[in-house]
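Architecture at a glance
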Amino acid sequence: KEEFLYMESPSLKIIAVDAVTVEMEDIFLTYEAILGLKLQKKHEKAIKDYLSTHLKGDCARYNLLFSQNDGLWDLNFPLDAVEGFNEQMTIEEAYELIFTFMFRLSQYVEGNK
């Protein structure tokens, strides 16, 4: 609970993400993915549609805020709400799950231009 993981990688460019942080959220006690999403502001509806449809369960909430300063979406979502997540996953498996989830989000946005 006291630690967080931060990852940067050239492969994140494929999913339009600058970096990913994973931490334990204090109030809801869920694992949170926190990232900067490099999609244009005009894609807000498609991003929200995808997140609302693909995050499941009682903790299926997210925070999405566009920053005019850096042109990135600040996105937080609970890993617990992503299909396939379990607390026994390795760190590598959790990051693979985030990558897959975000890859599908970017495909969804591309298909809804």
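What this report covers is the structure whose coordinates are included nearby. (Residues numbered from 1 in each chain as written. Predicted model: local features only at pLDDT ≥ 70, side-chain atom pairs only at ≥ 80, totals over all residues. Heavy atoms only, no water.)

Details of the packing of helix α1 (residues 44-54) against helix α2 (residues 91-111)
Following both chains from N to C, one finds α1 and α2 inclined at 135°, their axes separated by 9 Å at the closest point. Here α1 is positioned oblique relative to α2, judged by the angle of their axes. Handedness of the α1/α2 crossing: right-handed. Across from Ala46, Ile47, Asp49, Tyr50, Leu51 and His54 in α1, the residues of α2 making contact are Phe101, Arg104, Leu105, Tyr108 and Val109. Within the contact of α1 with α2, the residues separate by chemical class into eight nonpolar, one polar and two charged. (Axes fitted to C-alpha atoms, helices over the stretch in contact; angles between N-to-C directions. Helix = DSSP H or I, 4+ residues; strand = E, 2+ residues; numbered from the N terminus. Parallel < 35°, antiparallel > 145°, perpendicular 65-115°, else oblique. Left-handed = near helix turned anticlockwise from the far one by under 90°. Contact = heavy atoms within 4.5 Å. Nonpolar A, V, L, I, M, F, W, Y, C, P; charged D, E, K, R; others polar.)

Considering unusual backbone geometry
The phi torsion at Ala16 lies on the positive side, around 60°, for a residue other than glycine. Tracing the backbone shows Ala16 in the loop between β1 (4-7) and β2 (17-24). Judged by relative accessible area, Ala16 falls into the buried class, the value being 13%. (Buried < 20%, exposed > 50% of the residue type's maximum accessible area, 1.4 Å probe, protein only.)

Details of α1
Three or more residues of α1 are buried, namely Ala46, Ile47, Tyr50 and Leu51. Seen from one end, α1 has its buried residues packed into an arc of 130°, which puts them on one side. Across from the buried face of α1, at angles greater than 90 degrees, the exposed residues are Lys45 and Ser52. (Arc of directions from axis to C-beta.)

Let's talk about the nonpolar core
Core analysis: the biggest nonpolar cluster contains 32 residues, and Leu35, Leu37, Ile47, Phe77, Ile98, Met102 and Leu105 have the highest contact counts within it. Per-element accounting of this core gives the leading share, seven residues, to α2. (Core = buried A, V, L, I, M, F, W, Y, C linked by side-chain atoms within 4.5 Å.)

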